[in-house]
Amino acid sequence: MGKHKFDVEYDVVVVGGGGSGKSAALTAAKEGGLKVALLEKMEKTGGTSIYAEGTCAFESSEQKERKVPPKAGELNQKHYPTREEGFRRYIDYSHHRANPEVVRMFVDNSAETIDILKSLGVVYTDVTIYAYDQPLELNTFHRPDGLGERVQELLLRACVNAGVDIFTSTPAKQLLTSDGAVVGVLALDSKGNAMKIGAKAVILATGGFGNNPDLVKKYSWQYRVAYHTYQCVPTQNTGDGLMMALEVGADTDSIGALMIAPCARGKTLSSHSSGAGAQPGLWVNKTGRRFASEEVAMSFADAGNTVAKQPEGVVYSIFDADTVKHLMEEGSDIGLGDFIRYKQKLTHLQTELDQDVAEGIAWRGDTIEELAKNIGLDPEVLAATVAEYNDACEKGYDPLFYKPARFLRPVRKAPFYAVNMAPSVLVSCGGIRVNGNLQVTDRDYKPIPGLYAVGMEASGLYGDTYNLDCPGTANGFAHTSGRVAARHAIKTIKGE
Ligand SMILES: Cc1cc2nc3c(=O)[nH]c(=O)nc-3n(C[C@H](O)[C@H](O)[C@H](O)COP(=O)(O)OP(=O)(O)OC[C@H]3O[C@@H](n4cnc5c(N)ncnc54)[C@H](O)[C@@H]3O)c2cc1C
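Computed from a predicted model, the values in this text were never measured in an experiment.

1. A short note on the overall build of the protein chain
- Within the protein chain, the secondary structure is distributed over 14 helices and 16 strands.
- Whereas a compact globule of 496 residues would reach a radius of gyration of roughly 23 Å, the protein chain reaches 24 Å, a difference of no more than 12%.
- Counting only C-alpha atoms and orienting by the principal axes, one finds that the protein chain spans roughly 75 × 60 × 40 Å.
- Buried residues in the protein chain amount to 56% of all 496 residues.

In structure tokens form, the structure reads like this:
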């Protein structure tokens, strides 16, 4: 293998132990009978895939089983999209920035992903949409029992059983090349010692750069808030795969879309105060004024974009005692997947708000002016915003942004609360250009021999925004692309 002297050699080295990496490793070991190493920089594998709730697929066995023909005179309420419908939706939603080859690879192979995960023990409880009442969403969201955590646990077990060597706390640092081909990886082992690992194929499954504000600043159209986002999950996807690939001549494609969800600073997505803040009530930015129809909250991707456009990514969600009571006793007006379910009673809301106010991450006031002073907003401006908003609520008509009347909930009864909603970057959506085999391509669109990129590290599905019309896309693509890349590597290594 060229001029390198390796400490150890494998057929395939997978870098990153999330959904895409483990799917690639399992396929290479189990289907190809290859010697496979999986490197994971954190203490445990799983990455952001642990937090994923649903998995997108088209024409899966689960969708087919649930396809009940409508009775005479009834509409079929739940339409399960075909591959072609999925293909068109990705292309259209991205304004043709998606790569048709990659999209086709995904929609054609996604159903098998569901069957493979089922064969590992995953049980799907539903195939649905992500948000309630979103007319554009397709029913692609395969919801596994135990969610992403259970899926990743089963996948890890399968990798171990298939003989994959798993190295945790072992970050890959550099790709090793010889005559223009990638022939291995330089990694640091758990004691910090450099380790040169030879490989006939390297699969980058490093999950993108969502945790790296410098790269967000450099590549995303959301660059203004790069240093004002809030990381609500403890992941370390810092764009290592992208950086390593660029060093060996890879190119980027449609880079910079981020999956962002509004989350209360200092809280988790399932916290009840964050969930209250994420409702489509009254949102103001640092000027103390509204800036959008808060109904955007129904799609977390659009809501994330909207929050991230505000000065310093700061949004205060303002509500009153009646809304606290409503959310605690009647439940949420919109859901945020399984983090906050539609109509879920936010029973901890008052306790959390009291704690958050004491910690200085939420604010309370007996009047709107007092609330404004506590937050640091102009009291007169906020009072005028609230008065105008309450007037809109009374009339059932939002003259500013046409928010639907069902979300016009007034802010009248003291005490008043404000929650600071931040743009929380969940993941970046692609970066490295790949072809339909997930081979990384150079500036001339030629594959770099021996190198693949999969999951959130690979471009191909997105334009400027994560596609929630096909919910579960990131996770479905992660597992599917990992497997497809590994199959191509198997064939190439075996000379088939
Ligand atoms: C809170 C949350 C909820 C989500 N919910 C959904 C959902 O419901 N549906 C959906 O489709 N998507 C969801 N996502 C997105 C989800 O991350 C993707 O779906 C997908 O699972 C990502 O898979 P991946 O393998 O590309 O990346 P990851 O699962 O993030 O795996 C990447 C791995 O690479 C490791 N790594 C990084 N750099 C190195 C290095 N140098 N060396 C070794 N290892 C390295 C990381 O530590 C990580 O373990 C969610 C994300 C978050 C944060």
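This is not the end of the story, as more comes after the structure.
2. Comments concerning the environment of Asn161
- Here Asn161 shows up in helix H5 (residues 147–161).
- For Asn161, a count of 12 C-beta atoms within 10 Å translates into the label exposed.
- A C-alpha to C-alpha distance of 12 Å links Asn161 and Val36, two positions 125 residues apart in sequence.

3. Brief notes about helix H9 (residues 300–308)
- Across the 9 residues that make up H9, a large majority, 8, are buried.
- For H9, the set of buried residues is Phe300, Ala301, Ala303, Gly304, Asn305, Thr306, Val307 and Ala308.

4. Observations concerning the packing of helix H3 (residues 83–93) against helix H4 (residues 100–119)
- Relative orientation of the contacting elements H3 and H4 amounts to 145°, with a least axis distance of 9 Å. By crossing handedness, the relation of H3 to H4 is classed as right-handed. Residues Arg83, Gly86, Phe87, Tyr90 and Ile91 of H3 lie in contact with H4, whose contacting residues are Pro100, Val103, Arg104, Val107 and Asp108.
- Residues that form the contact of H3 with H4 fall into these classes: 6 nonpolar, 1 polar and 3 charged.

5. Some words on the domain arrangement of the protein chain
- Annotation of the protein chain at the domain level lists domain 1 (8–256 + 429–494) and domain 2 (260–425).
- For domain 1 versus domain 2, the separation of C-alpha centres amounts to 34 Å.
- Contact residues are listed per partner, giving 19 residues for domain 1 and 20 residues for domain 2.
- Residue composition of the side of domain 1 that touches domain 2, grouped by class: 10 nonpolar, 7 polar and 2 charged.

6. Considerations on the site of the ligand
- Looking at the ligand, there are 41 residues lining it, with Gly16, Gly18, Gly47, Gly207 and Gly455 nearest.
- Of all elements in the fold, only helix H1 (19–31), strand S14 (416–428) and helix H14 (473–494) reach the threshold of two or more residues within the shell around the ligand.
- Looking at the shell around the ligand, the element that brings in the most residues is H14, giving 4 residues.
- The class makeup of the residues in the shell around the ligand is 15 nonpolar, 22 polar and 4 charged.

7. Some thoughts on H5
- Taking 1.5 Å as the rise per residue, H5 with 15 residues should run 21 Å; its terminal C-alpha atoms sit 22 Å apart, in good agreement.
- Looking at H5, one finds that the buried residues are Gly148, Val151, Gln152, Leu155, Leu156, Ala158 and Cys159. The arc enclosing the buried residues of H5, seen along the axis, measures out at 160°, which places them on a common side.
- The secondary structure elements touched by the buried residues of H5 are H1, strand S2 (36–39), H4, strand S5 (141–144), strand S6 (165–167) and H14.

8. Describing the sheet that holds strand S3 (residues 55–56)
- An order of S3-S5-S4 is seen for the 3 strands of this open sheet, with the pairing classed as antiparallel. A single partner strand is all that each edge strand has here, and the edge strands are S3 and strand S4 (124–128).
- In terms of strand pairing, S3 meets S5 through 2 bridges, oriented antiparallel. Paired with Cys56 across the strands is Phe141, a residue of S5.

Calculation rules
Residues numbered from 1 in each chain as written. Predicted model: local features only at pLDDT ≥ 70, side-chain atom pairs only at ≥ 80, totals over all residues. Helix = DSSP H or I, 4+ residues; strand = E, 2+ residues; numbered from the N terminus. Rg over C-alpha atoms; globule rule 2.2 N^0.38 Å. Buried ≥ 20, exposed ≤ 12 C-beta atoms within 10 Å, placed from the backbone. Axes fitted to C-alpha atoms, helices over the stretch in contact; angles between N-to-C directions. Left-handed = near helix turned anticlockwise from the far one by under 90°. Contact = placed C-beta atoms within 7 Å. Nonpolar A, V, L, I, M, F, W, Y, C, P; charged D, E, K, R; others polar. Domains from an automatic or database assignment. Near = placed C-beta within 6 Å. Expected span 1.5 Å × (residues − 1). Arc of directions from axis to C-beta. Pairing = 2+ DSSP bridges.

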